[in-house]
Amino acid sequence: MSKALEGIRVVDLTVWFQGPVAAQHLADFGADVIKIERPQGGDQGRGVRSIKSLEVGDWNQYFLVINRNKKSMAIDLKKAAGQEILYRLVEKSDVFLSNLSMDLLASWNLSYAKLASINPRLVYATNTGYGRFSTASKPSFDMTVQALTGAMARLGEPGQPPIYMGMGSGDAFGGIMSALGIMLALYQRRRTGKGQYLDASLYGAQLYLAAPYLQSFLAGHRESALQQSRKQVVNPLWNLYPTRGKWVYLCEPNRDDRHAAVGRALAAEAMLQDGRFKDAAGRATHNEALIEIIENATRQRGHEELMAACNREGVIASPINNLADVIRDEQAWRNRYFMKTYCEEVDREVDVRGMPVTLSKTPGELRCLGPQLGQDTELLMMELLEYQWEEIEAMKAKGAIP
Amino acid sequence: MSRALDDVIVLDLGRQFCTALSAAFLADFGARVIRLDPLPANAEPRPAGWNHEADLIHRNKESLALDFRRDQGRAVLTDLLAKVDVVVTDWQRDELAAAGLAYERVRTIRPDIVYGRLSGFGPLGPDAALPPIDELAAARTGMMPILPQPGQPPVYTGSGAMHASVMMAFGIVMALFHRLETGEGQEVDVSLFGANMYGAALDLQAFLAIGKGDRLLNPISRLDVSNPMSGSLYPSADGRWVTLTMPDTDRWWPVFSKMVGLATDDPRFDTHDKRTESHRLELIEALEQAFQRHPGAYWRQAFMDNQMSADVIEQFDYPASDPQVGANRYILELDHPSFGKVKSLGFPIFMSDSTARLERLAPCSGQHGGQVLHELLGYSAETIHQLTAAGVVA
């Protein structure tokens with residue numbers, strides 16, 4: 001099977017989540033991704049041992065999944081000799097990706113100007129916190145940046161604390177945005193022969209996480225910025241409702257025939273007879289009353305019973321599942337959104353997030369989980385960068401490599 | 001100025017916000033995107049005022065209004081398919097087949113087509129035919145119950161659709177890249193289900209790996225957060241919320257403890273294990289008190305002065321007037337012909353040699369019909385006149 005990114009080499013100088021996951025998307029589709037790590041401890045993501053006070057298990061799935069399909073070189077980039085190794089690698093690469101700060105990259109002599117002078121075809125991509133043209137100098141993590149976008153403040157019932165969209169949610173989004181930018185630049189380069197500089201920041205990406213609502217706010221709809229109660233949604237037929245078991249999401253447009261179908265599924269005579277709900281405008285005006293009637297009906301049933309009734313009447317709905325449900329969801333496994341792979345650390349098969357983008361002729365592949373720190377340093381120096389063994393010994397003596 | 005996708009023509013059949021936005025991203029970076037607006041036009045009343053949504057998701061696009069259900073219209077569509085490089089759609093498979101737009105047919109007209117389709121739950125499996133509704137997909141993904149505080153209803157964020165939007169653009173450009181090298185086209189499928197799962201990155205992977213854990217199945221109170229200094233929320237004196245992300249508490253404790261008025265050598269909190277395990281709840285309680293002593297603005301300045309990864313939670317008015325946002329063109333000020341100066345979401349990716357463009361706002365339905373038929377398909381003025389008179393194009 002051919003690979004979409006066959007022959008593309010990526011220098012992946014990233015840490016934690018956003019940068020590594022961007023490079024993971026490229027690696028999944030066949031790019032040769034070489035992760036560059038500091039010799040002491042490597043990427044900080046290697047140190048994650050617990051999530052929500054739970055042990056992550058006997059293998060580090062935080063690091064190993066988003067760094068899968070990659071090689072690792074340990075290079076001390078604070079040293080001039082280490083920088084020389086990186087320059088030689090850049091000569092032979094197509095993409096340089098980093099989510100370190102631009103100041104830090106400049107202090108290691110890894111600015112765009114420097115690397116482009118070595119390889120004018122290089123696509124040089126950064127993931128800054130707040131943008132290429134930002135003067136803000138403060139650290140950026142997923143949640144602190146999500147906090148600034150306004151996306152958290154509009155979620156939840158009125159009066160409740162703001163809501164974070166989940167651990168890694170903003171980084172994952174920034175990562176795919178970065179991967180898109182890199183593909184655009186690679187496509188352009190394949191036609192023009194020229195590289196370029198690009199930036200996909202965590203802030204810039206996350207402003208799109210709530211795009212429909214932010215755009216509405218920008219157009220003057222100030223309520224789009226605020227928390228809205230589920231008891232006041234304009235269309236009661238498109239709303240979430242409690243049952244005796246799981247909550248259920250009804251997803252029906254505000255049309256007479258759909259209203260009737262929901263009424264039949266719930267056996268809620270009050271919905272069907274009440275003149276206030278006879279047309280769309282009436283249902284929107286008396287939304288709170290209708291929501292209460294629907295809720296009274298859904299509370300009488302378990303979610304399975306309610307779903308069976310919805311299916312019978314052709315009402316579109318879903319139970320609101322938890323993570324224990326989704327890891328068993330056949331649909332996820334069939335489409336390779338989850339995959340099994342061998343984990344060296346524990347010498348057994350483990351379950352991992354798979355391929356969210358399905359390409360019919362060049363599908364993503366899972367070849368191996370994340371590398372051990374520096375496992376490919378010497379081999380790549382010899383075979384790819386054509387160093388002699390004596391030179392490698394000299395680099396070790398200088399502390400450029402471990 | 002050269003742009004990344006200068007040589008790409010896209011037929012945009014997206015109905016949903018997220019699909020149309022994928023095509024808009026392609027247009028921003030140079031693709032010629034032609035929207036197909038079906039005739040006869042839908043008579044739904046449009047809300048008064050600025051159609052801000054259209055000017056975001058259809059910017060830089062052209063519109064061809066076409067009655068493709070009639071034979072003449074279908075012939076136009078066939079001619080058009082021969083000229084486009086990419087199809088983007090979120091239609092159901094039976095609708096596509098009925099309109100002659102199924103992949104199996106399109107590739108007989110244009111063998112190297114890159115055909116991107118947003119699905120609800122992926123191309124395979126028992127639920128492949130479920131409609132692409134983000135709420136349905138989010139409900140299946142397992143995150144909704146654990147986002148709120150305990151006892152609160154599940155939370156739908158809408159972020160899954162936005163993940164899908166970017167993933168679709170990524171998949172399409174990657175397929176175009178492959179095509180440039182090999183001449184081979186292919187199908188790209190991105191589902192709302194898969195995209196929602198990727199947005200649920202860490203919790204979902206943790207549960208996959210561990211296979212158990214109440215703290216991954218039930219909401220965690222903000223007063224029971226695993227690390228009082230990371231992922232936590234505290235109200236300040238003026239009710240604005242403060243959030244902290246300092247997982248490495250050893251690094252920050254000396255300066256952080258002073259900032260919040262706790263003794264650095266307080267024996268309850270003087271190690272990482274005490275702060276995050278044995279005295280975790282006491283520390284949360286202490287911070288809950290401490291942050292209420294000053295308003296949000298005070299804390300923002302203190303975080304900034306100490307270069308801490310922490311901030312105040314804002315509403316949309318903050319990015320709308322943030323100079324950093326303007327400087328990076330993340331939000332643009334537009335000169336709208338009917339509504340004057342308005343603000344709209346801009347470009348999340350900066351490219352030095354392919355500057356994102358804003359050449360025009362959303363097209364009116366059929367605005368570029370003549371242009372598309374004449375320039376792209378080479379129809380004569382007479383043919384175009386006939387098609388227009390017959391109501392096949394408008």
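Every value quoted in this text rests on a predicted model; they were computed, and no experiment measured them.

The next thing to look at is the overall build of chain B. A count of helical and extended segments in chain B gives 18 helices and 12 strands. Among the 394 residues that make up chain B, the fraction classed as buried is 52%. Looking at chain B alone, contacts between residues at least 24 apart form 68% of all its contacts between residues at least 6 apart.

Looking at the assigned domains, one finds that chain A contains domain 1 (9-210 + 335-397) and domain 2 (230-324). Using C-alpha coordinates to define each centre, domain 1 of chain A is positioned 44 Å away from domain 2 of chain A.

Turning our eyes to something else, we now look at the domain arrangement of chain B. Domain parsing of chain B yields domain 1 (9-199 + 327-389) and domain 2 (222-235 + 241-312). Using C-alpha coordinates to define each centre, domain 1 of chain B is positioned 45 Å away from domain 2 of chain B.

Here we come to the interface of chain B and chain A. Taken residue by residue, the interface counts 118 residues in chain B and 115 residues in chain A. Across the side of chain B that touches chain A, the residue classes break down as 70 nonpolar, 32 polar and 16 charged.

Here the focus is unusual backbone geometry. Here the residue pair Leu-39 of chain B and Pro-40 of chain B is connected by a cis peptide bond, since its omega of -5 degrees sits within 30 degrees of zero. Turning to its location among the elements, Pro-40 of chain B is positioned in the loop between strand E2 (32-38) and helix H2 (52-57). For Trp-16 of chain A, which is not glycine, the phi torsion reads 60 degrees and is therefore positive. You can call Trp-16 of chain A buried: it has 20 C-beta atoms within 10 Å.

This brings us to helix H3 (residues 80-91) of chain A. All names here are of chain A. Spanning 12 residues, H3 covers 17 Å between terminal C-alpha atoms, matching the ideal 16 Å at 1.5 Å per step. Buried within H3 we find Gly-82, Ile-85, Leu-86, Leu-89 and Val-90. Down the axis of H3, the smallest arc covering the buried residues is 140 degrees, so these residues share one side. In this structure, H3 carries Ala-80 and Glu-91 as exposed residues pointing more than 90 degrees from its buried face. Of the surrounding secondary structure, the elements contacted by the buried residues of H3 are strand E1 (9-13), strand E2 (32-37), strand E6 (95-98), helix H5 (112-118), helix H17 (377-383) and helix H18 (389-397).

Cut-offs and rules
Residues numbered from 1 in each chain as written. Chains lettered and ligands numbered in written order. Predicted model: local features only at pLDDT ≥ 70, side-chain atom pairs only at ≥ 80, totals over all residues. Helix = DSSP H or I, 4+ residues; strand = E, 2+ residues; numbered from the N terminus. Buried ≥ 20, exposed ≤ 12 C-beta atoms within 10 Å, placed from the backbone. Contact = placed C-beta atoms within 7 Å. Domains from an automatic or database assignment. Nonpolar A, V, L, I, M, F, W, Y, C, P; charged D, E, K, R; others polar. Expected span 1.5 Å × (residues − 1). Arc of directions from axis to C-beta.

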